[in-house]
Amino acid sequence: MELQSNLLDRKVSFVTGASRGIGRAIVEEFAKNGSIIYANSLTEGSLAGLTEYIFKKYGVQVTPLYFDVRDSQSAKKAIIQIHKEQGKLDILVNNAGIMKDALIGMITKQLMEDTFSVNVFAVMELLQLASKLMIRQKSGSIINIASIVGVNGNMGQLVYSASKGAVISLTKTASKELAPKNIRVNAIAPGMIDTDMFQSIGREHVEKRLSNIGMGRLGTPEDVAKTCVYLASDLSSYVTGQIIGVDGSALV
Ligand code: NAP
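In what follows, the accompanying structure is described. No experiment lies behind these values; they were computed from the predicted model shown.

### Details of the overall build of the chain
- Each helix and strand in the chain was counted, giving 9 helices and 7 strands.
- Taking 18 Å as the expected radius of gyration for a compact globule of 252 residues, we find that the chain reaches 17 Å, a close match to that expectation.
- For the C-alpha atoms alone, the extent of the chain along its principal axes is close to 50 × 40 × 35 Å.
- Pairs at least 24 residues apart make up 74% of the contacts formed inside the chain by residues separated by at least 6 positions.
- Accessible area of the chain: about 12200 Å², with a carbon and sulfur share of 53%.
- Taking the 27 positively charged and 23 negatively charged side chains of the chain as two groups, their mean positions are separated by 6 Å.

Here is the structure:
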């Protein structure tokens, strides 16, 4: 068994988009730190390998919850299930997201709707559902995964960057509303992280983007996941409304 710390001991967490990339790494870091984890993804069965791996390596049971984050009824059912089984929800990580690039002039209404429904509307919906529970228990940490392009913008990413900009502003507003209830809301703005999503831009673009990163390497999903542990844990007990860049000094 791996060396574990207990920063999230018995804390109940719910992580969306957990089958791959950043979400998967968050689940592993949370497991290392003793969290009771509920993990979501879209594709039925896609969490099976992860749950087995985590159980073998850390002896931690991860409960899979397959649903489309755009589906309000399923989102509600998931939160009810967590409440029934655990009586509380300490941590919500809104990580599920999609990225489809299109230059100005080529952007369709469908692309705008698809992107905003996953990256923004689902985040607001889950934030609202989770915070209802957290208000009752008078504590909680909500972490939204935004992006460096939501701060700086990027060629070809008008829609995606606008969606992540919305995540940043909704994080700030939610933090103000929920601070009196002892619920912290923060966002992480990753730079270029080596996942399926990032590699989808193509090899030639990856090489070009690498030259824009001060630290000279792509980020790893674990780089983001460790910041998530900090924001989820009591190490950040007085931190709210913050947007933390995890980008190795990237320019974009
Ligand atoms: P990824 O490798 O493409 O994984 C996306 C995850 O989201 C998968 O688990 C996928 O589930 C899930 N998902 C997608 N649509 C969903 C939906 N409608 N309902 C439920 N789950 C859904 O992405 P990633 O690179 O790890 O990115 C994770 C987050 O970080 C995203 O919000 C992304 O915008 C943000 N981000 C990434 C980077 C980067 O460089 N990678 C940079 C900045 C921000 P299935 O496996 O079932 O499809």
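### Some points on the packing of helix H1 (residues 21–32) against helix H2 (residues 48–58)
- The interhelical angle for the contact between H1 and H2, taken along N-to-C directions, is 25°, at an axis separation of 11 Å. As far as their axial angle goes, H2 and H1 are roughly parallel. The interaxial crossing formed by H1 with H2 has right-handed handedness. Counted together, Arg24, Val27, Glu28, Ala31 and Lys32 of H1 and Leu50, Tyr53, Ile54, Lys57 and Tyr58 of H2 form the full contact between these two elements.
- The class makeup of the residues in the contact of H1 with H2 is 6 nonpolar, no polar and 4 charged.

### Observations regarding the side chain of Ser117
- If you trace the backbone, Ser117 turns up in helix H4 (residues 109–137).
- Not counting the four nearest positions on each side in its chain, Ser117 is found in contact with Arg70 and Ala122.

### With respect to the pattern of salt bridges
- A complete count under the given rule lists 9 salt bridges for this structure.
- Its salt-bridge partner being Asp196, residue Arg20 comes within 3.1 Å of it at the nearest N-O pair. Of the two residues, Arg20 sits in the loop between strand E1 (12–15) and H1 while Asp196 sits in helix H7 (residues 196–199), which places them 176 residues apart along the sequence.
- On the basis of relative accessibility, which here comes to 52%, the residue Arg20 falls in the exposed class.
- Across the pair Lys109 and Glu113 runs a salt bridge, and its minimum N-O distance is 3.9 Å. Of the two residues, Lys109 and Glu113 both sit in helix H4, 4 residues apart, roughly one turn of that helix.

### Notes on the site of the ligand
- The ligand sits among 32 residues. The nearest are Ser19, Thr43, Asn95, Tyr160 and Thr195.
- For the ligand, an oxygen atom lies 2.5 Å from a polar atom in the side chain of Ser19.
- In the environment of the ligand, an oxygen atom lies 2.9 Å from a nitrogen or oxygen atom belonging to the side chain of Lys164.
- Protein burial of the ligand: of its 900 Å² of free accessible surface, 94% is covered by the chains.
- Put simply, the parts of the chain that give the shell around the ligand at least two residues each are H1, strand E2 (36–41), helix H6 (158–178) and H7.
- Here the shell around the ligand takes 3 residues from H7, the largest share from any one element.
- Looking at the shell around the ligand residue by residue, the classes come out as 16 nonpolar, 12 polar and 4 charged.

### Structural notes on the packing of H1 against helix H9 (residues 221–232)
- Taken N-terminus to C-terminus, the directions of H1 and H9 make an angle of 50°; their axes are 8 Å apart at the nearest point. Considering their axes alone, H1 and H9 lie oblique with respect to each other. Both H1 and H9 take part in a crossing whose hand is right-handed. Of the residues in H9, those in contact with Gly21, Ile22, Ala25, Ile26, Glu29 and Phe30 of H1 are Pro221, Glu222, Val224, Ala225, Lys226, Cys228, Val229 and Ala232.
- Classifying every residue of the contact of H1 with H9 by side-chain character gives 10 nonpolar, 1 polar and 3 charged.

### Re the pairing of E1
- Burial along E1 is two-sided: the residues Val12 and Phe14 and Ser13 and Val15 are all buried.
- Bridge count between E1 and E2: 4 bridges; the pairing is parallel. What sits directly across from Phe14, in E2, is Tyr38.
- After leaving E1, the chain enters H1 and then returns to the sheet as E2, a path that is right-handed.
- Looking at chain direction, E1 and strand E4 (residues 91–94) are connected through 3 bridges and run parallel.

Basis of the calculations
Residues numbered from 1 in each chain as written. Predicted model: local features only at pLDDT ≥ 70, side-chain atom pairs only at ≥ 80, totals over all residues. Heavy atoms only, no water. Helix = DSSP H or I, 4+ residues; strand = E, 2+ residues; numbered from the N terminus. Rg over C-alpha atoms; globule rule 2.2 N^0.38 Å. Contact = heavy atoms within 4.5 Å. Areas by Shrake-Rupley, 256 points an atom, 1.4 Å probe, with all protein chains shown as cover. Lys, Arg positive; Asp, Glu negative; His and termini not counted. Charge placed at Lys NZ, Arg CZ, Asp CG, Glu CD. Axes fitted to C-alpha atoms, helices over the stretch in contact; angles between N-to-C directions. Parallel < 35°, antiparallel > 145°, perpendicular 65-115°, else oblique. Left-handed = near helix turned anticlockwise from the far one by under 90°. Nonpolar A, V, L, I, M, F, W, Y, C, P; charged D, E, K, R; others polar. Salt bridge = Lys/Arg side-chain N within 4 Å of Asp/Glu carboxyl O. Buried < 20%, exposed > 50% of the residue type's maximum accessible area, 1.4 Å probe, protein only. Near = heavy atom within 4 Å. Polar contact = N/O pair within 3.5 Å; in protein donor to acceptor, adjacent residues only side chain to side chain. Pairing = 2+ DSSP bridges. Right-handed = clockwise from strand over helix to strand, strands pointing away.

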